[in-house]
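Structural overview
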Amino acid sequence: MKLRDEIAVEGDGAGEETSIVRLRRERDSAKREVARLTLAMDEANSIIRAIETVNTSEIEPPHWLRPAKPRPSAATLVAMLSDTHFDEVVSPDEMEGLNAYNREIAKMRLERWAKNVVKMARHYLAGVKYDGIVLILGGDIFSGDIHEELKETNEATMLESCLFWSEQIAGVVDLFADEFKRVQVVCVVGNHGRMSRKPRMKQRVVSNFDWLLGKMVERYFAKDARVSFNIPTSADAFLRIYEHGHLITHGDQVHGGGGIGGIYPPIMRMRAKKESKFLQTGQNFRTLWIGHWHSYLSTPHLIINGSLKGYDEFAMLMGFGFEPPQQALAIVTPERNITVQAPIFCQERKREGW
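The next subject is the packing of aromatic side chains. On inspection of all chains with the given rule, the structure shows 10 aromatic pairs. Their ring planes at 65 degrees and their centres at 6.0 Å tell us that Phe176 and Phe180 sit as a pair that is edge-to-face. Of this pair, Phe176 and Phe180 are both found in helix 5 (residues 158-180), 4 residues apart, which corresponds to roughly one turn of the helix. For the pair formed by Phe176 and Phe180, the shared burial category is buried. Residues Tyr311 and Phe322 carry aromatic rings whose centres are separated by 5.2 Å and whose planes lie at 75 degrees to one another, so their mutual orientation is edge-to-face. Taken together, the residues Tyr311 in the loop between strand 9 (302-304) and helix 8 (313-317) and Phe322 in the loop between helix 8 and strand 10 (326-333) connect sequence positions 11 residues apart. For Phe322, a relative accessible area of 48% puts it in the partly exposed group. The ring centre of Phe164 lies 4.0 Å from the NZ or CZ of Arg103, which sits over that ring.

We now examine helix 5. End to end, helix 5 covers 32 Å across 23 residues, agreeing with the expected 33 Å (1.5 Å per residue, within 8%). Once helix 5 finishes, Lys181 follows within two positions and takes phi at roughly 75 degrees, a positive value.

Another point: the side chain of Ser166. Residue placement: Ser166 occurs in helix 5. Overall, Ser166 belongs to the buried group, its relative accessible area being 8%. Side-chain polar atoms of Ser166 contact the backbone oxygen of Leu163, separated by 2.9 Å. In this structure Ser166 touches Leu213, Met216 and Val217, once residues within four positions along its chain are discounted.

Attention shifts here to the packing of helix 5 against helix 6 (residues 209-220). How two helices pack is summed up by the angle between their axes together with the distance between the axes. Across the interface, helix 5 lies against helix 6 with an axial gap of 9 Å and an inter-helix angle of 45 degrees. With respect to their mutual orientation, helix 5 and helix 6 come out oblique. Relative to helix 6, the crossing made by helix 5 is right-handed. The segment helix 5 lies against helix 6, with Met158, Leu159, Cys162, Leu163, Trp165, Ser166, Ile169, Ala170 and Val173 engaging Phe209, Leu212, Leu213, Met216, Val217 and Tyr220. Of the residues contributing to the contact of helix 5 with helix 6, the split by class is 14 nonpolar, 1 polar and no charged.

What the 5 strands build is an open sheet, ordered 5-6-7-9-8; its pairing is mixed. Each end of this open sheet is capped by a strand with a single partner; those strands are strand 5 (237-241) and strand 8 (297-298). Relative to strand 9, strand 7 (residues 287-290) is paired through 3 bridges, and the arrangement is parallel. Counterpart to Ile290 in the pairing with strand 9 is Ile304.

Another aspect to go through is a nonpolar patch on the surface. The grouping of Phe314, Met318 and Phe320 at the surface amounts to a nonpolar patch, some 340 Å² of accessible area in total. If you trace the backbone, Phe314 turns up in helix 8. Here Phe314 falls in the exposed class, since its relative accessible area comes to 53%.

Now for helix 7 (residues 264-280). With 17 residues, helix 7 extends 24 Å from end C-alpha to end C-alpha; this agrees with the ideal 24 Å at 1.5 Å per step. Of the residues making up helix 7, those classed as buried are Pro266, Ile267, Met270, Arg271, Lys274 and Phe278. For helix 7, the arc enclosing every buried residue in end-on projection is 140 degrees, short of the 170-degree limit, so these residues lie on one face. Set apart from the buried face of helix 7 by more than 90 degrees, the exposed residues are Arg269, Lys273, Leu279 and Gln280. Gly282 sits one or two residues past helix 7 and shows a positive phi near 90 degrees.

The strands making up a sheet associate through hydrogen bonds between their backbones, and the pairing can be parallel or antiparallel. Within the open sheet, the 6 strands sit side by side as 4-3-2-1-10-11. Their pairing is mixed. Two strands lie at the open edges of the sheet, namely strand 4 (227-230) and strand 11 (337-345), each paired on one side alone. Along the sheet, successive strands turn relative to each other by an average axial angle of 20 degrees, direction set aside. Bridge count between strand 1 (residues 73-81) and strand 2 (residues 128-137): 9 bridges; the pairing is parallel.

On to the packing of helix 3 (residues 103-124) against helix 5. Two elements in contact, helix 3 and helix 5, have axes separated by 11 Å at closest approach and are oriented at 15 degrees. On the basis of the axis angle, helix 3 is roughly parallel to helix 5. Note that helix 3 runs across helix 5; the crossing there is right-handed. Only Glu160, Ser161, Phe164, Trp165, Gln168, Ile169, Val172, Leu175, Phe176, Glu179 and Phe180 of helix 5 make contact with helix 3, whose side of the interface consists of Arg103, Ala106, Lys107, Leu110, Trp113, Ala114, Val117, Val118, Ala121 and Arg122. When its residues are assigned to classes, the contact of helix 3 with helix 5 shows 14 nonpolar, 2 polar and 5 charged.

Cut-off values and rules
Residues numbered from 1 in each chain as written. Predicted model: local features only at pLDDT ≥ 70, side-chain atom pairs only at ≥ 80, totals over all residues. Heavy atoms only, no water. Phe/Tyr/Trp six-rings, centres within 6.5 Å; stacked < 30°, edge-to-face > 60°. Helix = DSSP H or I, 4+ residues; strand = E, 2+ residues; numbered from the N terminus. Buried < 20%, exposed > 50% of the residue type's maximum accessible area, 1.4 Å probe, protein only. Lys NZ or Arg CZ within 6 Å of the ring centre and 35° of its normal. Expected span 1.5 Å × (residues − 1). Polar contact = N/O pair within 3.5 Å; in protein donor to acceptor, adjacent residues only side chain to side chain. Contact = heavy atoms within 4.5 Å. Axes fitted to C-alpha atoms, helices over the stretch in contact; angles between N-to-C directions. Parallel < 35°, antiparallel > 145°, perpendicular 65-115°, else oblique. Left-handed = near helix turned anticlockwise from the far one by under 90°. Nonpolar A, V, L, I, M, F, W, Y, C, P; charged D, E, K, R; others polar. Pairing = 2+ DSSP bridges. Patch = residues over 30% accessible without salt bridge, like charges linked within 9 Å, V, L, I, M, F, W, Y side chains within 5 Å. Areas by Shrake-Rupley, 256 points an atom, 1.4 Å probe, with all protein chains shown as cover. Salt bridge = Lys/Arg side-chain N within 4 Å of Asp/Glu carboxyl O. Arc of directions from axis to C-beta.

Read these as geometric descriptors, not functional statements.
Here it is as structure tokens:
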């Protein structure tokens, strides 16, 4: 009788259903674990096959990744020298110690600039076979005496300055002729070197001390076949380097540039006007070189030069941005026109002693 009761309890329907549910859950869990282990095994096998493939494979890089030693490429170096404002005096006491300038400092910066041009060509741009160098004298070589404050503070009269600095520029040209074998000097005038108080349109060039300095240097090299000159009596100078047209002007024709966009929009408007005029007369240029703005900026089609003088009282009082003394340099190749651009830094404060 007792045995029958136990069997009846075991055969109870509710108990059987509970056991079946539990077994199904265990079965499903086991299936999921088997699937997980199967996936992990497949991933492990894939990794093993990848490792075996790498270990048995030999990498053969394409030959273009191993070019032959490059041959020297023909090119012309272009160095711009403008806005030197020779014989102007800038006092560091008036500049919060940001800059100083006088004749001795200007000589040091001119020397440093010339040597850095050679250094850049020899060492930083090694492997280039230079056909020569174009030296652009881009105006405002002198600060002049067009303002009373300049006339009172300059270190020398304009005639004295012209005599002294023509010798220094001749020394630069001679250095470049020795180094690069061929030099072409291109000279345009700025607004500071004029002999009249007001800017003039007629005889603008021949009444400017920048032009006089260029002609004095040209006379010095009259018998030197290594050096040639391009000193037009118009405000702009046009030249071709290989087949590429270049236009040089001082840049004081541009007005504005004080807004958010800065000097770039008005300069580009001037460029468009000049390009239109030159196209109408059967010429075209790809690159425009200007000075005047004392702010170095370079693009493939526009180069704005910095200043050898550097930051001055006018720039500081007007709230213009600070920029160290620097000048523009570029390499022109037959295939691509301008391919390399770089600023040439001119200041060595410790040596200058301020």
